[in-house]
Amino acid sequence: MPTYEYRCEKCGKAFSLIMSIRERETAKIVCPYCGADDVTQLLSACITKTSRKS
Ligand SMILES: [Zn+2]
């Protein structure tokens, strides 16, 4: 299964999660350090993601 890397915008720590694509679509990603859900996925896996900047 692919590894996804995230960075917490709250505490600034980076972490990686291993999960299936289906899990990724449904799971709620939270920071393992502080529990915040304000996380940004880092560019690691080549997954087409629709992210828009407002
Ligand atoms: Zn955090």
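Everything numeric here is computed off the predicted structure, so don't read it as measured data.

Quick notes on the confidence of the model for the protein chain
Summary statistics for the protein chain give a mean pLDDT of 85 and a share of 80% for residues scoring 70 or more. Per-element confidence in the protein chain is highest for strand β3 (residues 39-41), whose mean pLDDT is 94, and lowest for helix α1 (residues 21-26), whose mean pLDDT is 88.

Remarks on the pattern of salt bridges
When the charged atoms of two side chains with opposite charge come close together, those side chains can pair. Scanning the model with the defined rule gives three salt bridges in all. For Lys28, the salt bridge goes to Asp37, with nearest N and O atoms at 3.2 Å. Taking the relative accessible area as the measure of exposure, Lys28 reaches 62% and is therefore exposed.

Structural notes on the environment of Ala36
Inspection of the secondary structure assignment puts Ala36 in the loop between α1 and β3. Overall, Ala36 belongs to the buried group, its relative accessible area being 12%. Between the C-alpha atoms of Ala36 and Cys8, which are 28 residues apart in sequence, the distance is 7.3 Å.

Let's talk about the packing of aromatic side chains
Throughout the structure, instances matching the rule amount to one aromatic pair. Consider the rings of Tyr6 and Phe15, whose centres lie 5.8 Å apart with planes at 20 degrees: the pair is stacked. Of the two residues, Tyr6 and Phe15, both sit in the buried class. Looking at Lys13, its charged tip hangs above the ring of Tyr33, at a distance of 5.2 Å from the centre.

Overview of the environment of Tyr6
In this structure, Tyr6 sits in strand β1 (residues 3-8). Residues contacting Tyr6, with those up to four places away along its chain left out, are Lys13, Ala14, Phe15, Leu17, Met19, Arg24, Ile29, Val39, Thr40, Gln41 and Leu42.

Considerations on the nonpolar core
If you look at the biggest cluster of nonpolar residues, it comprises nine residues: Tyr4, Tyr6, Cys8, Phe15, Met19, Ile29, Cys31, Ala36 and Val39. Considering every element that reaches this core, the biggest residue donor is β1, with three residues. Residues in contact with Ile29, not counting those within four places in the same chain, are Tyr6, Phe15, Leu17, Met19, Ala36, Asp37 and Val39.

Analysis parameters
- Residues numbered from 1 in each chain as written.
- Predicted model: local features only at pLDDT ≥ 70, side-chain atom pairs only at ≥ 80, totals over all residues.
- Heavy atoms only, no water.
- pLDDT = per-residue confidence, 0-100.
- Helix = DSSP H or I, 4+ residues; strand = E, 2+ residues; numbered from the N terminus.
- Salt bridge = Lys/Arg side-chain N within 4 Å of Asp/Glu carboxyl O.
- Buried < 20%, exposed > 50% of the residue type's maximum accessible area, 1.4 Å probe, protein only.
- Phe/Tyr/Trp six-rings, centres within 6.5 Å; stacked < 30°, edge-to-face > 60°.
- Lys NZ or Arg CZ within 6 Å of the ring centre and 35° of its normal.
- Contact = heavy atoms within 4.5 Å.
- Core = buried A, V, L, I, M, F, W, Y, C linked by side-chain atoms within 4.5 Å.

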